[in-house]
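Commentary on secondary and tertiary structure
The primary structure of each chain is shown beneath.
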Amino acid sequence: MRDLKNLYRQIIMDHYKNPRHKGLTSEEGYIKEHIKNPSCGDDITIQSKIEDNTVKDIRHEGTGCSICCSSASVLATLLKDKSVAEAQTFTRNYINMITNQSYDKNFDFEDAIAYQGVKDFPARTKCATIAWLAFEQTLKKQVK
Ligand code: ZN
């Protein structure tokens, strides 16, 4: 169990120190969503490009704690190139897992499983979900 926790910590710290898909673009066709988490100072903007029912790209920018910033990087890495339906299912299952709501226990969260332990720290659940909530808002704007 300790090895697993170490692995999860490594995933989180790796994405925190070497964030993927970081930095916003001025290219056209992106939907932008900004969310703040006053309790921790997290401030995240998610910028997504959705075309042909597919998540073509996800960018993120912002400041915050390691959980918040790394989870934006994990989100962008995992959901890029997924279909909108797959991305929606992934996002809802992830948010429900972190916030102790019912979710699909057999769902493959890939590296996002690293945040599973956050559900035991209610003060940090917003940190782990803020980027995902912003992305979910983007999908809602897109899927009419
Ligand atoms: Zn935070």
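Our subject is the structure listed above.
Described in the following lines is the structure provided in the data block. What you are looking at is a predicted structure, and each value in this text was computed from that prediction instead of being measured. (Residues numbered from 1 in each chain as written. Predicted model: local features only at pLDDT ≥ 70, side-chain atom pairs only at ≥ 80, totals over all residues. Heavy atoms only, no water.)

Observations regarding the overall build of the protein chain
- Helices and strands together make up the secondary structure of the protein chain, namely four helices and three strands.
- For the protein chain, the succession of helices and strands along the chain, N to C, is α-β-β-β-α-α-α.
- Taking 144 residues into account, the globule formula puts the C-alpha radius of gyration at 15 Å, and the protein chain, at 14 Å, falls close to it.
- Structurally, the protein chain occupies a C-alpha span of about 45 × 30 × 25 Å along its principal axes.
- Within the structure as shown, the protein chain displays about 7600 Å² of accessible surface, and the carbon and sulfur contribution to it stands at 47%.
- Separation of charge centres in the protein chain, based on 21 positive and 19 negative side chains, amounts to 6 Å. (Helix = DSSP H or I, 4+ residues; strand = E, 2+ residues; numbered from the N terminus. Rg over C-alpha atoms; globule rule 2.2 N^0.38 Å. Areas by Shrake-Rupley, 256 points an atom, 1.4 Å probe, with all protein chains shown as cover. Lys, Arg positive; Asp, Glu negative; His and termini not counted. Charge placed at Lys NZ, Arg CZ, Asp CG, Glu CD.)

Thoughts on the coordination of the zinc ion
- Around the zinc ion, the donor atoms from the protein are Cys40 (SG), Asp42 (OD), Asp42 (OD), Cys65 (SG) and Cys127 (SG), and they sit 2.1 to 2.8 Å away.
- All donor residues of the zinc ion come from one chain, and their arrangement in sequence is C-x1-D-x22-C-x61-C. Of this pair, Cys40 sits in the loop between β1 (30–37) and β2 (42–51) while Cys127 sits in helix α4 (residues 125–142), placing them 87 residues apart in sequence.
- Residue classification places Cys40 among the partly exposed positions, given a relative accessible area of 32%.
- The exposure class assigned to Cys127 is buried, which follows from its relative accessible area of 0%. (Donors = N, O, S within 2.8 Å, 3.2 Å for Na, K, Ca; no water. Buried < 20%, exposed > 50% of the residue type's maximum accessible area, 1.4 Å probe, protein only.)

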